[in-house]
Amino acid sequence: MGIIQRYIFLFCVLGITLSVTAQELGLPVDLRQHNLTEYNSSLFSPVFSLDRNQPQSVALWTRWQWQMVDGDPTTLFLNYSRRINRSMSGGLGVFQQNTGVFLNRGGVLNYAFTAEIAPGFDFAAGFNLFVYQSQF
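Being a predicted model, the structure only gives us computed values, none of them experimental.

What about the side chain of Thr74?
Turning to step 1, where the next piece is worked out: With respect to the helices, strands and loops of the structure, Thr74 is situated in strand β2 (residues 74-85).
Turning to step 2, where the next piece is worked out: For Thr74, the contacting residues outside a window of four places in its chain are Arg63, Trp64, Gln96, Gln97 and Asn98.

Printed below as a string of structure tokens:
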């Protein structure tokens, strides 16, 4: 195989590789969802507040879906969480969801604790307490 044939072969392999990987579609980053899971993760599990809040965090998650004449569907969630000490953390949040004809608003209180069972092994548990009011 001559040197020109090697270059042609390398360019063909490179061209095929680039064309195959260029067709892969990825989902765009949703910054609102990233904010919800990164900073308001105690909504999913209050135990997350034990290792993510150093020492406290305030986060807002919003979503406006589209604009309408009589109201646009919106979701708002504001959360404050704080690590109380090495073994306890807690948080308080308020939320409102409006779909035009349906309004849901309320709050969430979360608490988590951890206990060392053995050196290097901790047991963690927590709860979320939701209070809300829904109306048409």
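So, the side chain of Thr114
Turning to step 1, where the next piece is worked out: With respect to the helices and strands, Thr114 occurs in strand β4 (residues 103-118).
Turning to step 2, where the next piece is worked out: A distance of 3.1 Å separates the side chain of Thr114 from the backbone oxygen of Phe123, its partner in a polar contact.
Turning to step 3, where the next piece is worked out: The residues touching Thr114, leaving out its near neighbours within four places in the chain, are Leu50, Arg86, Ser87, Asp122, Phe123 and Ala124.

As for the packing of aromatic side chains
Turning to step 1, where the next piece is worked out: Under the counting rule described, the total for this entry stands at three aromatic pairs.
Turning to step 2, where the next piece is worked out: Through a chain of ring-to-ring contacts, three or more aromatic side chains come together here, namely Tyr111, Phe113 and Phe127.

Quick look at the confidence of the model for the protein
Turning to step 1, where the next piece is worked out: Overall, the predicted model of the protein reaches an average pLDDT of 77, with 72% of residues at or above 70.
Turning to step 2, where the next piece is worked out: Across the protein, β4 holds the top mean pLDDT of 89, while helix α2 (residues 31-39) sits lowest at 57.

What counts as what
Residues numbered from 1 in each chain as written. Predicted model: local features only at pLDDT ≥ 70, side-chain atom pairs only at ≥ 80, totals over all residues. Heavy atoms only, no water. Helix = DSSP H or I, 4+ residues; strand = E, 2+ residues; numbered from the N terminus. Contact = heavy atoms within 4.5 Å. Polar contact = N/O pair within 3.5 Å; in protein donor to acceptor, adjacent residues only side chain to side chain. Phe/Tyr/Trp six-rings, centres within 6.5 Å; stacked < 30°, edge-to-face > 60°. pLDDT = per-residue confidence, 0-100.

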